[in-house]
Amino acid sequence: ERGGFQHFMQKEIHEQPKAIRDTLTGRLDEDLQSVALPELSWTDESLQAIDRIHIVACGTSWHAGLVGKDAIEKIAKIPVEVDVASEYRYRDPLVTPNTLVIVITQSGETADTLAALRDSKQKGLRVLAITNVVGSSAAREADDVLITWAGPEIAVASTKAYTTQLVTLYLLAAYLGQARGTLSSDAKAEVLGALAGLPTVAEQVLDAAPRIERFAKDYQEARDTFFIGRGLDYAVSLEGALKLKEISYIHAEAYAAGELKHGTLALITDGVPVIALATQTHLYEKTLSNIKEVKARDAFVLGLTWAGDEELKKSVDEVIYLPRTSPVVAPIVAVIPLQLLAYYAAVVRGNDVDKPRNLAKSVTVE
Ligand code: F6R
């Protein structure tokens, strides 16, 4: 049932090229001119009327929401807020009658996310659920549903559900952008072209597995690690740190790279592993200077950037090169080495990878 893999998590990481392809199928037309989401019941009028979006989710799905905000704001020009469901429920969010609430939940059964869905419906708001489980509570109760076609995810640590959530959010952003006329033809070519290329790119990133396994072995005794990046790289850093914590039990913190000097640099000392993401071209120089700050304190830095980059390797100890694609969809590519890092760190430490301590696959209590 694990298809020759040692653990479900490993299998699910390797299934991502297929999962991404399945999520795109039927939604991206062949000549990459448009996105179709026929499952949405929105009229053109209601679609034009959306004046803000609230994304609500927990854990890894919340991390997907952070990327979704960036995509929707950039591509569809609608203001988006992203909240952790257990906070959203109790903070009395400011909504308008035309606020669209998007709940993201792999299982479709997370208690706090469902409560946010129900509260929003009670307020008369339109709710869209992005879920991986057809027939789940979220799928049944939301006004509209987009299924992430990742297939069943068994390992507690979410991997292919996250990347397919991202694909779905990009599709949604492009769909909204095309309907509202905010998606220029250049941006369309960039985003839709990058999405279409993702299954191949994801396949290529998986080739980094042996190097990451070696890195995980060398650093299995680490007590603290840091993940740093700016912009979308920061959102992916949060996900990388969560993954490492939940299955390897190594303490990890994600930091917006520019924020380090406001306190956290005090923790960066000789040999502390820092995983530095530098995929955002417009932020590259700024990130590089933050990487130099941690190097100056003798951190051990593993950098992630695009293939062909000649600069980063001069400032870090090791580099993982990502196959080139648009920085807009970088999170889907960059997260894969971080999933592998968490996986191998958990394996070398002898942990129960698929069932980490204290965690459940579906959190049905508040
Ligand atoms: C982490 C993880 C959790 C879930 C969270 C929400 O790897 O899997 O953080 O993402 O419990 O679950 P869903 O998406 O089912 O609502």
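Residues numbered from 1 in each chain as written. Predicted model: local features only at pLDDT ≥ 70, side-chain atom pairs only at ≥ 80, totals over all residues. Heavy atoms only, no water.

The protein has the name Glutamine--fructose-6-phosphate aminotransferase [isomerizing] in an unreviewed UniProt entry, where Alicyclobacillus mengziensis is given as its organism. Word for word, the UniProt comment on the protein under Subunit (unreviewed entry) is "Homodimer." Per its UniProt entry, the protein bears the Catalytic activity (unreviewed entry) comment "D-fructose 6-phosphate + L-glutamine = D-glucosamine 6-phosphate + L-glutamate". (UniProt positions renumbered as here; feature names shortened; annotations may be inferred.)

In this section: the overall build of the protein. The secondary structure content of the protein amounts to 13 helices and 10 strands. At 20 Å, the protein has a C-alpha radius of gyration in line with the 21 Å of a compact globule built from 366 residues. Relative to its 366 residues, the protein shows a buried fraction of 57%. In the protein, 75% of the contacts between residues at least 6 apart in sequence involve partners at least 24 apart. Accessible surface, the protein as shown: approximately 14700 Å² in total, 50% of it carbon and sulfur. Mean positive and mean negative side-chain charge positions of the protein (38 and 49 charges, respectively) differ by 2 Å. (Helix = DSSP H or I, 4+ residues; strand = E, 2+ residues; numbered from the N terminus. Rg over C-alpha atoms; globule rule 2.2 N^0.38 Å. Buried < 20%, exposed > 50% of the residue type's maximum accessible area, 1.4 Å probe, protein only. Contact = heavy atoms within 4.5 Å. Areas by Shrake-Rupley, 256 points an atom, 1.4 Å probe, with all protein chains shown as cover. Lys, Arg positive; Asp, Glu negative; His and termini not counted. Charge placed at Lys NZ, Arg CZ, Asp CG, Glu CD.)

The next point concerns the pattern of salt bridges. Going through the model one piece at a time under the given rule, you end up with 22 salt bridges. Asp 22 is paired through a salt bridge with Lys 18; the nearest N and O atoms lie 2.6 Å apart. Here the residue Asp 22 and the residue Lys 18 both occupy positions in helix α2 (residues 16-24), the gap between them amounting to 4 residues, near one helical turn. When salt bridges that share partners are traced, they join Lys 11, Glu 15 and Lys 160 into one network. (Salt bridge = Lys/Arg side-chain N within 4 Å of Asp/Glu carboxyl O.)

Counting buried positions over the 5 residues of strand β10 (residues 318-322) gives 4, a clear majority of the element. For strand β9 (residues 300-306) and β10, the ladder comprises 5 bridges, and the chain directions are parallel. Each residue of the ladder has a partner; that of Leu 302, found in β10, is Glu 318. (Pairing = 2+ DSSP bridges.)

Burial within strand β6 (residues 224-229) is extensive, with 5 of its 6 residues counted as buried. Here β6 pairs with strand β7 (residues 251-256) via 6 bridges, running parallel. The residue of β7 that forms the bridge with Thr 225 is Ala 252. In the sheet, β6 pairs with strand β8 (residues 273-277) via 3 bridges, with the strands oriented parallel. Bridge pairing in β8 places Phe 227 opposite Ile 275.

Turning next to the site of the ligand. As a matter of local geometry, the ligand sits amid 13 residues, with Ser 61, Thr 105, Ser 107, Thr 110 and Glu 246 nearest to it. Here Ser 61 contributes a side-chain N or O atom positioned 2.6 Å from an oxygen atom of the ligand. A distance of 3.3 Å separates an oxygen atom of the ligand from a polar atom in the backbone of Val 156. When isolated, the ligand has an accessible area of 410 Å², and the protein chains bury 90% of it. Taking a 2 Å distance to the grid points as the criterion, the majority of the atoms of the ligand fall inside the largest pocket. Tallying contributions element by element places helix α4 (residues 59-76) first for the shell around the ligand, with 3 residues. In terms of residue class, the shell around the ligand is built from 3 nonpolar, 8 polar and 2 charged. (Near = heavy atom within 4 Å. Polar contact = N/O pair within 3.5 Å; in protein donor to acceptor, adjacent residues only side chain to side chain. 1 Å grid on protein atoms, 1.4 Å probe; cavity = no way out; pocket = protein on both sides within 12 Å on 5 of 7 lines; lining within 4 Å. Sits in = over half its atoms within 2 Å of the grid points. Nonpolar A, V, L, I, M, F, W, Y, C, P; charged D, E, K, R; others polar.)

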